[in-house]
Amino acid sequence: MKRKQLVLIGNGMAGVRCIEEILKIDRDAFDITIFGSEPYPNYNRILLSTVLQGDTSIDDITMNDWEWYRKNNIRLFVGETVVDIDKEQQLVRTDQGRTVPYDELIIATGSKPFILPIPGANKKGVTAFRDIKDCEMMMEYAKTYKKAAVIGGGLLGLEAARGLLNLGMEVDVIHIFDYLMERQLDPTASKLLQRELEKQGMNFLLKKETAEIFGDGRVEGVRFKDGTEIAADLVVMAVGIRPNVDLARESGIAVNRGIVVNDYLETSVPHIYAVGECAEHRGIVYGLVAPLYEQGKVLAEAVCGIKGRPYEGSVVSTQLKVSGVDVFSAGEFMDGEGTASIKVYDEFRGIYKKVVIRDGKIVGAVLFGDTSEGRKLLDMINKNESISNSFQLSFFQSTANSSNKSMVAAMADTDVVCGCNGVTKGTICKAIVEHGLKTVEEVRDCTNASRSCGGCKGLVAELLEYTLGEEFDKHAMKETVCGCTTLSRDEVIAEIKAKNLKYVREVMNVLGWKNEEGCSKCRPALNYYLSMLYPSEYVDEAESRFVNERLHANIQADGTYSVVPRMYGGVTTAEQLRKIADVAEKYNVPMIKLTGGQRIDLLGVKKEDLPRIWAELDMPSGYAYAKALRTVKTCVGKQFCRFGTQDSTKLGIDMEKKFERLNTPHKVKMAVSACPRNCAESGIKDVGIVGVDGGWEIYVGGNGGTHLRAGDLLCTVRTEEEVIEMTGAFLQYYRESANYLERTSKWVERVGLEHIREVIFDQETRRQLLDRLEEALAATKDPWKEIVENKEMQEKLFTSLQVKVPVNR
Ligand SMILES: Cc1cc2nc3c(=O)[nH]c(=O)nc-3n(C[C@H](O)[C@H](O)[C@H](O)COP(=O)(O)OP(=O)(O)OC[C@H]3O[C@@H](n4cnc5c(N)ncnc54)[C@H](O)[C@@H]3O)c2cc1C
Ligand SMILES: NC(=O)c1ccc[n+]([C@@H]2O[C@H](COP(=O)([O-])OP(=O)(O)OC[C@H]3O[C@@H](n4cnc5c(N)ncnc54)[C@H](O)[C@@H]3O)[C@@H](O)[C@H]2O)c1
Ligand code: SF4
Ligand code: FES
């Protein structure tokens, strides 16, 4: 039988979850096509706050990697926007001129951030906080600028403000009301929250209405309606969202605030459904994932022809993702006509709890300082439970004893543990026992619990401990390579050595990978570990690499690439500059830019032009895309600078020539300055060299990125040869003992400087490290040259159009 055509518009959290539910019901019912305007596979938008706060990286928030789409035979078009729905012919058209027919169509276009219509709102330096692009822009700005203003003291504004503080900025939060988060908190809880956030370093401007954002081209400040103003280099607008309904409205589908849907998520047009933040159900548009996932479940059944349980609306609860702050809010949290409330306020410990009661039933709650009862309260609201005397007693008692250690034991099987995904204690415990789950990641992959905001991870871990007893510690405390295995990095490496495994697939097969294809986390990691262990015999598996490394160029936001040729020590010649200029002119390169690492970057290059450009440049790859040595930045040094005590340029060039092309767990940046004035910024590099009288200081583990860290002084040596020797031993030890994707800054902190010193100061160990380093260096080749000389590789990599491999910067 011919499969029906299912099209999803919007590759976001709600739409893709609905597709997952459909696949669970009947994986063969549809040919599925998904369009997404953003250039990524489905990612966890919620965790952008965590990315900005520095607790996770953009690379780690992918929810469904490219492989998932491939395995489920889903045609995915990213960076492509649907611009028209022809409901008569049942077709969608995209901005790339593509036309796709549908039998069933799901609209999941989410929301657009609301941008205040005030003068200056389009200035450089003003951003919303909605997607990866916004998040990256803020992280980039924080490297250069100091003062941030966040407009909007709601959930998003406060999470953004915390992130910007973590990035080293001074943050003013501008809020229109006289207390924060008025949509979730009552004034008492809000004031406690404000006090806590002020302690963390936020500054609040309450009851302020923004009139204008001023600045000459770029943002310089914010002016208010009362005539006052503040300075700002970055302005983040977090004043709410608006459902993204233009496409539906223009296509003649009934739209109110959102796309109007019934209890089966059907719109006014047959065969067209809407789900997520773009949908309006019974007059309500939701902006949190829990209700959107509930909608997705009902819609999946409806699309598959099962008219089961209808969607009847949700009671929402929220928690703020700011460390050190526990706030919870659910349902009707403000006192009103016909309600009474119970309040507990422990001013000394900063704990406030309130439940709102109507007709003897709990209809809402606000908790601050101790949110352990949040889930229980939400459950009671959802189940319409009457308030009992025992509840009242426990409500008062738990303030005095707010430990939730024994909480999981006391929970009923029907109690919800993961609010975002609606997963109960009973479901989790059953899955742990039936599937032999041992880690939080395994529980997540099996039940979805903890897959969204991650706020329930602690409870899931406690449930594991409760269910597994002693067995838990052994497994769960260990960081596994990824969810495909229960083995840690060290265990995998030990097994590879012991069993003499030589290929990525072999490792996955022999070590019992749960997902036989692996995932975007483990495949590049295994590829690296194998190349590190067998440098001269291992054949690199390009398909296990991220797209940048596979194509030897950095993919840009618009799908073009950048080309950075190697310029040893940041030194160039007239001849090289002429070649670069010629190439840039011939291939219409839209931007030529100097990088922070003293290189020249040709931006906006078409993929198919890459091999010709490399051939014509005839310069080595600058590895600006790789987990390898990127650049050695140098200061002018004693040759020209009157303060210079050493020849930093020569040493920088020597170091770059020595270590170029060396594969490392993450990118490595170096710098050489010829005196402590440190013009090459040696203090914030993975390896930073500083000239001092009679020698060189070697600093390690510095980082100038999101996690700013000054390098630690490893040692002081006399000669350039010793610098290269110590650096080589340090790099090799890092290669051998760091986790894949662990920067030296994190690695040095994890293993400790003293330990690194003990290892590399020991002469015999150092000699062995250097021998292994030489073996690895001997096996490297310049990748650009290799491709220029190999027509088959050019054909395979640069002329086929669809390369869908993981992106990682
Ligand atoms: C920083 C941040 C933190 C958050 N934290 C939480 C939290 O802690 N808890 C919580 O529950 N919720 C949180 N949210 C809200 C949550 O992320 C959203 O509710 C959820 O992502 C909405 O899912 P959606 O699929 O409806 O929309 P989206 O995830 O926005 O997906 C819609 C997608 O459709 C694409 N699209 C739009 N129009 C078209 C078109 N015409 N053609 C093709 N593609 C199109 C968009 O580009 C977008 O990628 C947070 C949101 C942000 C921004
Ligand atoms: N932890 C979480 O659950 C979480 C975190 C981030 C975002 N989100 C979701 O993302 C969406 C967007 O969040 P949001 O905080 O932007 O929306 P929101 O509507 O919840 O809050 C916006 C806030 O901005 C304030 N505001 C409006 N106009 C203003 C102005 N001119 N000046 C100053 N303040 C003004 C409002 O009073 C309100 O408190 C929401 O759906 C939210 O639920 C949830
Ligand atoms: S670091 Fe010292 S030697 Fe190098 S350029 Fe700066 S002042 Fe001159
Ligand atoms: S509560 Fe958000 S992921 Fe479980």
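Everything quoted here is computed from the prediction, not taken from an experiment. For every chain, the first residue of the written sequence is number 1, and numbering continues from 1 along that sequence. Labels are handed out in written order, letters beginning with A for the chains and numbers beginning with 1 for the ligands. Two thresholds apply to this predicted model, a pLDDT of at least 70 for residue-level local features and 80 or more for giving and counting side-chain atom pairs, whereas whole-chain, interface and lining totals are computed over all residues. Side-chain measures were taken over the full set of non-hydrogen atoms in the model, leaving aside hydrogen atoms and water.

**Focus on the pattern of salt bridges**
What counts, and what does not: For this analysis, a salt bridge means a side-chain nitrogen from Lys or Arg found within 4 Å of a carboxyl oxygen belonging to Asp or Glu. Counting from the N terminus, the helices are the DSSP runs of H or I reaching at least four residues and the strands are the DSSP runs of E reaching at least two. Each residue's exposure class comes from its accessible area (1.4 Å probe, protein chains only) as a fraction of the maximum for that residue type: buried when under 20%, exposed when over 50%, partly exposed otherwise.
Here the structure, examined in full by the defined rule, presents 62 salt bridges. Ionic pairing is found between Glu212 and Arg223, a salt bridge with its closest N-O pair at 2.9 Å. With Glu212 in strand β13 (residues 210-214) and Arg223 in strand β14 (residues 221-224), this pair connects stretches of sequence that are eleven residues apart. With relative accessibility at 26%, the residue Glu212 sits in the partly exposed group.

**A closer look at the sheet that holds strand β10 (residues 147-151)**
Our working definition: Pairing between two strands requires that DSSP report at least two bridges joining them. Residue contacts are defined here by distance: any two heavy atoms, one from each residue, within 4.5 Å place the two residues in contact. Where helices are involved, their axes are fitted lines through C-alpha atoms of the stretch in contact, as for all axes, and angles between N-to-C directions lie from 0 to 180°.
Strand order in the open sheet formed by five strands is β9-β16-β10-β11-β12, with parallel pairing between adjacent strands. Two strands close off the open sheet at either side, each with one partner strand: β9 (126-127) and β12 (203-205). Where β9 meets strand β16 (residues 234-237), two bridges bridge the pair, whose relative direction is parallel. Along β16, the bridge assignment pairs Val126 with Val235. Against the sheet, helix α5 (residues 155-166) touches β10, β11 (170-174), β12 and β16, its axis set at about 170° to β11.

**Some points on the packing of aromatic side chains**
Rules: Stacked, tilted and edge-to-face are the three classes applied to pairs of Phe, Tyr and Trp rings, where Trp contributes its six-membered ring and a pair requires centres within 6.5 Å; stacked means planes under 30 degrees apart, edge-to-face means over 60, and tilted covers the rest.
Overall, the coordinates contain 13 aromatic pairs when judged by the stated rule. For the pair Phe35 and Phe77, a centre-to-centre distance of 5.3 Å together with 20° between the ring planes defines the contact as stacked. Placement of the pair is Phe35 in strand β2 (residues 30-36) and Phe77 in strand β3 (residues 74-78), with a sequence separation of 42 residues. The exposure class of Phe35 is buried, given its relative accessible area of 1%.

**With respect to the UniProt feature "binding site: [4Fe-4S] cluster" (unreviewed entry) in the protein chain**
In plain terms, the rule: UniProt positions are given in the numbering used here, feature names are shortened, and annotations may be inferred rather than shown by experiment.
The UniProt entry lists Cys635, Cys641, Cys675 and Cys679 under the feature "binding site: [4Fe-4S] cluster" (unreviewed entry), expressed in the numbering used here. Annotated residues spanning 45 residues; largest pairwise C-alpha distance 10.8 Å, indicating a single compact cluster. If you trace the backbone, Cys675 turns up in the loop between β33 (668-673) and β34 (687-692). Of the residues examined, Cys675 reaches a relative accessible area of 8% and is grouped as buried. Residues within four places of Cys675 in sequence aside, it is in contact with Phe643, Val690 and Gly691. In this view, Cys679 contacts Cys635 and Ser673; residues no more than four positions away in its chain are not counted.

**Considering the state of the cysteines**
Applicable threshold: Put simply, a disulfide is two cysteine sulfurs that come within 2.5 Å.
With the rule as written, the count across this model stands at zero disulfides. Of all cysteine sulfurs in the structure, the one in Cys484 sits closest to Cys482, which takes part in no disulfide; the separation is 3.7 Å.

**What to know about the environment of Tyr43**
Formally: Residues adjacent in sequence count toward polar contacts only when both atoms are side-chain atoms; beyond that, a polar contact is any pair of N or O atoms within 3.5 Å, and within protein one must be able to donate a hydrogen and the other to accept it.
Locating Tyr43 in the fold gives a position in the loop between β2 and α2 (48-52). In this view, Tyr43 contacts Met13, Glu38, Leu48, Ile61, Thr62, Met63, Arg130, Asp131 and Ile132; residues no more than four positions away in its chain are not counted. Within the structure, the side chain of Tyr43 is placed 3.2 Å from the side chain of Arg45, a separation counted as a polar contact. Of the polar contacts made by the side chain of Tyr43, one reaches the backbone nitrogen of Ile132; its length is 3.3 Å.

**As for helix α13 (residues 440-447)**
What counts here: In this description, one arc is meant: the one made by directions from the helix axis to the C-beta atoms.
Taken as a whole, α13 has its buried residues at Val440, Glu442, Val443 and Thr447. Buried residues along α13 cover an arc of 160° about the axis, so they all sit on one side. The elements touched by buried residues of α13 are β27 (423-424), α12 (425-435) and α14 (457-468). Directly beyond the C-terminal end of α13, a positive phi value near 80° is found at Asn448.

**Focus on the site of ligand 3**
Threshold: It suffices for a single heavy atom of a residue to lie within 4 Å of a molecule or strand for the residue to be listed as near it. Residue classes follow a fixed rule: Ala, Val, Leu, Ile, Met, Phe, Trp, Tyr, Cys and Pro count as nonpolar, while Asp, Glu, Lys and Arg count as charged, and any other residue, Gly among them, counts as polar.
The local shell around ligand 3 consists of Cys635, Val636, Gly637, Cys641, Phe643, Gly644, Ser673, Ala674, Cys675, Arg677, Asn678 and Cys679. In the shell around ligand 3, the residues fall into seven nonpolar, four polar and one charged.

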